[in-house]
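A structural walkthrough
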Amino acid sequence: MDLPEAEGQALAEEVSEVQQVAALMQARITQNWRRPPSARNGMEVLLEISLVPTGDVVGISVSSSSGSIAFDRSAIAAVERVAQFSEVAVLPISDFERYFRRFPLRFKPEDLRY
Amino acid sequence: MLLRSCVFVLGLFLTTTSSAQLEIQVTRGIDNPTSIAIAPFAWDGLGSAPTDFAQIVDSDLARSGQFSPVSRRDMLSLPAAREEIFYRDWRAISTRYLVIGRVSQGTQLRVEFSLHDVERGVELFSGQVVSAKSEARMAAHRVADSIYEKLTGIPGAFATRLIYVSVTRNPDGKDFYRLTVADADGRRPIVLLEGRDPILAPSWSPDGKEVAYVSFESSRPAIYRQVLATGKREQLTNFQGLNNSPVWSPDGKSMALVLSKDGSPDIYLLDLETKQFKRLTRHYGIDTEPTWMPDGQSLLFTSDRGGRPQIYRYELATGKIERVTFEGRYNARARVAEDGRNVALVHQRKGRFHIAVFDLVTERLTVLTETSLDESPSIAPNGSLVIYATKRGERSVLGAVAVDGGVKFSLPARSGSVQEPAWSPMLVEQ
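Described below are features of the structure shown in this document. (Residues numbered from 1 in each chain as written. Chains lettered and ligands numbered in written order. Predicted model: local features only at pLDDT ≥ 70, side-chain atom pairs only at ≥ 80, totals over all residues. Heavy atoms only, no water.)

**Digging into the overall build of chain B**
Along its length, chain B carries four helices and 33 strands. With the C-alpha coordinates aligned to their principal axes, the bounding extent of chain B is approximately 75 × 75 × 45 Å. A total of 430 residues make up chain B; the buried ones form 54% of that total. The long-range share in chain B, meaning contacts at least 24 apart out of those at least 6 apart in sequence, stands at 40%. Here chain B displays about 19,200 Å² of accessible surface, and carbon together with sulfur accounts for 49% of that area. Charged side chains of chain B number 52 positive and 50 negative; the gap between the two group centres comes to 3 Å. (Helix = DSSP H or I, 4+ residues; strand = E, 2+ residues; numbered from the N terminus. Buried < 20%, exposed > 50% of the residue type's maximum accessible area, 1.4 Å probe, protein only. Contact = heavy atoms within 4.5 Å. Areas by Shrake-Rupley, 256 points an atom, 1.4 Å probe, with all protein chains shown as cover. Lys, Arg positive; Asp, Glu negative; His and termini not counted. Charge placed at Lys NZ, Arg CZ, Asp CG, Glu CD.)

What follows is the structure, given as structure tokens:
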């Protein structure tokens, strides 16, 4: 399906700025995620995060548990430690609403020893 | 709308759901050691406590590299019972977990302990260890094993022992050898055998009740087995040439060892019941340093059949031999952990010898030590720690390194050199 050129260009820019913001958010969460000693590669928890336009975290809930309380809690703690994703504040409000007002956040380690 | 009907994949870490939501994926993190507080255990017996139980648990967990125990000085209170715990005291010092305990004494020692999640303010687990009064330190190690397993999912290996050879120089300038067994933390050393003749290559029976070793006390090196409790010995070999590297099979029925009686050093199997020897390897190169896989189906060994020392696997049922290590020009002296997965070995990099761990599942080799003359690694039965001999000046001392966490420490040194450590298997409660 072909995009009219102007719309395609706007789409590409929108995607790229959102992608950059998401990359920053991912990096910050990574730096704040302390895994419990019982964490293993392949464990997975899916959180739902709610933000306000300043980037403050106003809601964290577990959509899908890993089965390990310690693991789930480590993910929640990582988001709590970040507390504010100030990088979303630069986005146009429409992008914020579409992508970051409420978004899924999946923790699935690949770098653990086991 | 176009956006809703197309699926965008934005980099590796973002995926969109069908309603154009972005999902952020986090696949890495930072792992600091977990902070844990072990409050001093109460002592309900007469006189003073036989040992500082909490301190032993503290030291064990710290040495694993995965825990960062809180200093006693920083504790705001010292609870020994559930009702004495004020979680806010522990949140105030940012500890994740708390262990409390109480020790009583009748005909035996009874150590009751419990593990608490400070953030949630709940008890996670409680247990008790019963032991003979003389085994107070081992009882504390068993508490540490229990806590470690609860928090990591890996069985603890603190209530284990080490055997090693200690060499001192006599006033007459001659070396004196002592085959010594000690707790895994280096404490309570007991001499099993001593003399002027070299003792080498000690190893453990699978039940932890016997050791095997090479002794030069007769005219040539021979392999012996010895019961720890009674000192009773039996000579197992008496061949010309090398008699070396005895290692018990996991079922305790046979022993792999190295003999050079038929030419170059090769691996042989001794049936401990029939006393029959079976030759396993037949290469003109050097095949040595066997170690068993925990299922008893195969052995790893060092061979230079490919030109330089590497680790190979010998499958007992078929006699098939295949190479295991491919990274680097020199890999030798493998020791397989009871987990069947982690193998400690000596790896040479840029002319220096390091202790490394090879993961048989991921086939990843991780160098653990940076000092240049490290040898004789032995790995804890749970694969978590490696002990080895390292040069300190003229002497050889025992170093230990955590397989993750990078914690390094050395064992209390006596005078003289300490070499060839062997870690016991997991021990049955005594």
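This is not the end of the story, as more comes after the structure.
**A short note on the sheet that holds strand β23 (residues 310-315) of chain B**
Residues and elements named next belong to chain B. Taken in spatial order, the four strands line up as β21-β22-β23-β24 in an open sheet, and their pairing is antiparallel. The open sheet has two free edges, formed respectively by β21 (287-292) and β24 (321-323), since each of these has just one partner strand. Mean inter-strand twist for the sheet, computed between neighbouring axes without regard to direction, equals 30°. (Pairing = 2+ DSSP bridges. Axes fitted to C-alpha atoms, helices over the stretch in contact; angles between N-to-C directions.)

**Considering the side chain of S417(B)**
All names here are of chain B. Mapped onto the secondary structure, S417 falls in strand β33 (residues 417-423). At a separation of 2.8 Å, a polar atom in the side chain of S417 contacts the main-chain amide nitrogen of S396. Ignoring anything within four residues of it in the chain, the contact list for S417 reads V165, S166, V167, E394, R395 and S396. (Polar contact = N/O pair within 3.5 Å; in protein donor to acceptor, adjacent residues only side chain to side chain.)

**Some words on the packing of aromatic side chains**
All names here are of chain B. Summed over the entire model, instances satisfying the criterion amount to 11 aromatic pairs over all chains. Their ring planes at 90° and their centres at 5.4 Å tell us that Y148 and F158 sit as a pair that is edge-to-face. With Y148 in helix α4 (residues 136-152) and F158 in the loop between α4 and β10 (161-169), the pair connects residues that are 10 residues apart, well separated along the chain. The two residues Y148 and F158 agree in class, both being buried. (Phe/Tyr/Trp six-rings, centres within 6.5 Å; stacked < 30°, edge-to-face > 60°.)

**So, the side chain of T160(B)**
All names here are of chain B. Following the sequence through the fold, T160 ends up in the loop between α4 and β10. For T160, a relative accessible area of 1% puts it in the buried group. Residue contacts for T160: discarding those within four places in its chain leaves M138, D183, A184, P381, W423, S424, P425, M426 and L427.

**Notes on the sheet that holds strand β30 (residues 385-392) of chain B**
Residue and element names in this part refer to chain B. Taking strand neighbours across the sheet as the criterion, the four strands line up as β29-β30-β31-β32 in an open arrangement whose pairing is antiparallel. Each having just a single partner strand, β29 (374-379) and β32 (408-410) make up the two edges of the open sheet. Taken over all neighbouring pairs, the strand axes of this sheet differ in orientation by 30° on average, direction set aside. With eight bridges joining them, β30 and strand β31 (residues 395-402) adopt antiparallel strand pairing. Its bridge partner being in β31, V386 is matched across the sheet by V401.

**Here we look at the pattern of salt bridges**
Here the structure, examined in full by the defined rule, presents 29 salt bridges over all chains. A salt bridge links R178(B) to E194(B), with the shortest nitrogen-to-oxygen separation between them at 3.2 Å. Placement of R178(B) in strand β11 (residues 175-183) and of E194(B) in strand β12 (residues 190-195) is noted, with a sequence separation of 16 residues between them. E210(B) is paired through a salt bridge with R225(B); the nearest N and O atoms lie 2.9 Å apart. With a gap of 15 residues between them, E210(B) in strand β14 (residues 210-215) and R225(B) in strand β15 (residues 222-227) connect regions that are remote in the sequence. Sharing partners across several salt bridges, the network here consists of E44(A), R106(A), K108(A) and E23(B). (Salt bridge = Lys/Arg side-chain N within 4 Å of Asp/Glu carboxyl O.)

**Concerning helix α2 (residues 53-63) of chain B**
All names here are of chain B. Counting buried residues along α2, eight of its 11 residues qualify, which places the element largely inside the surrounding structure. Residues F53, A54, I56, V57, D58, D60, L61 and R63 constitute the buried set of α2. Of the residues one or two after α2, G65 is the one with positive phi, at around 85°.

**Brief notes about the interface of chain B and chain A**
With 38 residues of chain B at the contact, the number on the chain A side is 39 residues. Carbon and sulfur atoms supply 56% of the area buried between chain B and chain A, which totals about 3,600 Å² over both sides. Our count for the contact surface shared by chain B and chain A stands at three salt bridges. Here R73(A) ties to E119(B) by a salt bridge, and the two come within 2.7 Å at their closest N and O atoms. Applying the counting rule to chain B against chain A returns 15 residue pairs in polar contact (both at pLDDT 80 or more). At the level of secondary structure, the elements contributing two or more residues to the side of chain B that touches chain A comprise α1 (2-5), β3 (22-26) and α4 of chain B. Top element by residues in the side of chain B that touches chain A is β3(B). It accounts for five residues. When its residues are assigned to classes, the side of chain B that touches chain A shows 15 nonpolar, 12 polar and 11 charged. (Buried area = accessible area lost by both parts, 1.4 Å probe. Nonpolar A, V, L, I, M, F, W, Y, C, P; charged D, E, K, R; others polar.)

**Let's talk about the environment of L236(B)**
Residues and elements named next belong to chain B. Along the chain, L236 turns up in the loop between β16 (233-235) and β17 (243-248). On the accessibility criterion, L236 (8% relative accessible area) is buried. Separated by 39 residues in sequence, L236 and K275 have C-alpha atoms that sit 8.1 Å apart. Residue contacts for L236: discarding those within four places in its chain leaves I223, Y224, R225, M255, L270, L272, K275 and F277.

**Some points on the environment of A212(B)**
Examined against the element boundaries, A212(B) turns out to sit in strand β14. Once the C-alpha coordinates of A212(B) and Q226(B) are considered, the two residues, 14 residues apart in sequence, prove to be 6.2 Å apart.

**Remarks on unusual backbone geometry**
Residue and element names in this part refer to chain B. Unlike most non-glycine residues, S245 shows phi in positive territory, near 55°. Phi angles above zero are rare outside glycine, and E420 is one such case at about 50°. Position of E420 relative to the elements: it lies in strand β33. Note on E420: relative accessible area 17%, which makes it buried.

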